[in-house]
Amino acid sequence: MISIPDVDLAFVGGGGAASLTLAALGREAAGVRIAVIDPVHKRGQDRTWAFWGYPGTVLDPLLSASWAAVDVITPAGRRELPLTPLRYAMLRSAPLYELAQQAERDLGALRFTAPAEELHDDGSSVVVSGPGGPLVRAGWVLDSRPRPPRRPGRTNWLQHFRGWWLEADRPVFQPERAVLMDFRTPQPARGVSFGYVLPVSDRFALVEYTEFSPAVLSNDAYDTALVAYAESIGLDLASLRVREVENGVIPMTDGLFEARPSPRVVRLGTAGGATRPSTGFTFSAMLRQADEIARAVTAGRPPVPQPPYPARHLWMDSVQLRALDRGLVDGVAFFDRLFERNPPERVLRFLDGVTTWREDLLMMASSPLLPMTRAAAGDAASRLRG
């Protein structure tokens, strides 16, 4: 019989969700035996996360920038949103990957640079096998590999984007001002588009074009949209250098993700339902999952986090997606109305899935009543047919 190492936790996949969880374990769970199984050893700047939260966290030293206020812009005008006591923050991948690697070293983790091809869960442990056979036996597996929903959604959109990191030789950007959403971009026939600007300094910024819609664009279409947006906000691209390019596709669906596919396998990140269906935002829920797992392991409990979002929020997301997809509401007007009729902190906390029942009712009351009622009725009918 082949002898394989035994560990308490095996990470399958090593992206953002796994890195946040490894970092949290490194802070709180000394002595836990860990393995990481991933064909790619994540390093460098391969993506950027932007999120809101309270200052004074363990991530603060890793941030590239943060802002106490952001702008939301529509063709009707610019709205500055003060976020206090929250702030909007930017975290690039390299420092997070480095922190996770330091946690691996501190915990003496085993690393297998190979794909995990099979997870055999017998209810008491999980054997993780690669191309050459069994790699490790784990008490629990935390699996962050992308997975489709267990149940297809009634509405299936994508948040898809391309961003350019632009560098200038002279001051061009306003580092104290971030643009969260600029809806002056040409709107797709079915969906919502916007640009945004996240300046790290007066000479370096991420400028991005994003769509919420059913399908991705061609490479040329993203570049064309980015050029048009950059020029529309007064940037002279001939005098700027594109230092890095970021692309992404994130599901926006009311499909059901299976967070616990077997007794001792727990899915993290998008595969575990951390992506907010109505927006594609994921980072804050991944961070909550990571902290919950670290606390549970430290206390000797199973590493099973709470659902990322309350059931009522997932229902509200399903209704919103339906309203946008069926053309019952205008996407730009819908988002502008939410920010117009609610304090910014409430909107952002709602998008993070941490608002109270009372706040949720206030959010619902601020949305267009008739079209959202029609969307809710259609959603209910679709659920009954399902």
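Residues numbered from 1 in each chain as written. Predicted model: local features only at pLDDT ≥ 70, side-chain atom pairs only at ≥ 80, totals over all residues. Heavy atoms only, no water.

1. Points about helix α7 (residues 344-352)
And then number 1: Most of α7 sits out of view: eight of its nine residues are buried.
And then number 2: By the burial criterion, the buried members of α7 are Pro344, Arg346, Val347, Leu348, Arg349, Phe350, Leu351 and Asp352. (Buried < 20%, exposed > 50% of the residue type's maximum accessible area, 1.4 Å probe, protein only. Helix = DSSP H or I, 4+ residues; strand = E, 2+ residues; numbered from the N terminus.)

2. Overview of empty space enclosed by the protein
And then number 1: Following the criterion strictly, the structure yields one cavity of 30 Å³ or more and no others.
And then number 2: A volume near 80 Å³ is recorded for the largest cavity.
And then number 3: For the lining of the largest cavity, the elements supplying multiple residues, two or more each, are α1 (16-28) and α2 (93-107).
And then number 4: Sorting elements by how many residues they give to the lining of the largest cavity places α2 first, with four residues.
And then number 5: The class makeup of the residues in the lining of the largest cavity is five nonpolar, four polar and four charged. (1 Å grid on protein atoms, 1.4 Å probe; cavity = no way out; pocket = protein on both sides within 12 Å on 5 of 7 lines; lining within 4 Å. Points joined across faces, edges and corners; volume = space filled by probe spheres on them. Nonpolar A, V, L, I, M, F, W, Y, C, P; charged D, E, K, R; others polar.)

3. Details of the packing of α1 against helix α4 (residues 283-298)
And then number 1: Between α1 and α4, whose axes approach to 8 Å, the crossing angle comes to 35°. Considering the relative orientation of α1 and α4, their crossing is right-handed. Touching Gly16, Ala17, Leu20, Thr21, Ala24, Leu25, Arg27 and Glu28 of α1 are Phe283, Met286, Leu287, Ala290, Asp291, Ile293, Ala294, Arg295, Val297 and Thr298, all from α4.
And then number 2: Residues of the contact of α1 with α4, tallied by class, amount to eleven nonpolar, three polar and four charged. (Axes fitted to C-alpha atoms, helices over the stretch in contact; angles between N-to-C directions. Left-handed = near helix turned anticlockwise from the far one by under 90°. Contact = heavy atoms within 4.5 Å.)

4. Topic: the packing of aromatic side chains
And then number 1: If you walk through the whole model with that rule in mind, you get twelve aromatic pairs.
And then number 2: Note on tryptophan 67 and tyrosine 88: the rings are 6.0 Å apart at their centroids and 40° apart in plane angle, and the pair reads as tilted. A residue pair is termed long-range when its members are at least 10 positions apart, and tryptophan 67 in strand β4 (residues 65-67) and tyrosine 88 in strand β7 (residues 87-92) qualify at 21 residues. Comparing tryptophan 67 with tyrosine 88 shows no difference in burial state: the two are buried.
And then number 3: Relative to phenylalanine 335, the ring of phenylalanine 334 lies with its centre 5.7 Å away and its plane at 85°, an arrangement referred to as edge-to-face. Note on accessibility: phenylalanine 334 and phenylalanine 335 belong to one class, buried.
And then number 4: The rings of Phe183, Phe194, Tyr196, Phe212, Phe334 and Phe335 are connected pair by pair, giving a single aromatic cluster.
And then number 5: Just above the ring of tryptophan 357 sits the side chain of arginine 312; from NZ or CZ to the centre is 4.6 Å. (Phe/Tyr/Trp six-rings, centres within 6.5 Å; stacked < 30°, edge-to-face > 60°. Lys NZ or Arg CZ within 6 Å of the ring centre and 35° of its normal.)

Treat this as a map of the structure, not an account of what it does.
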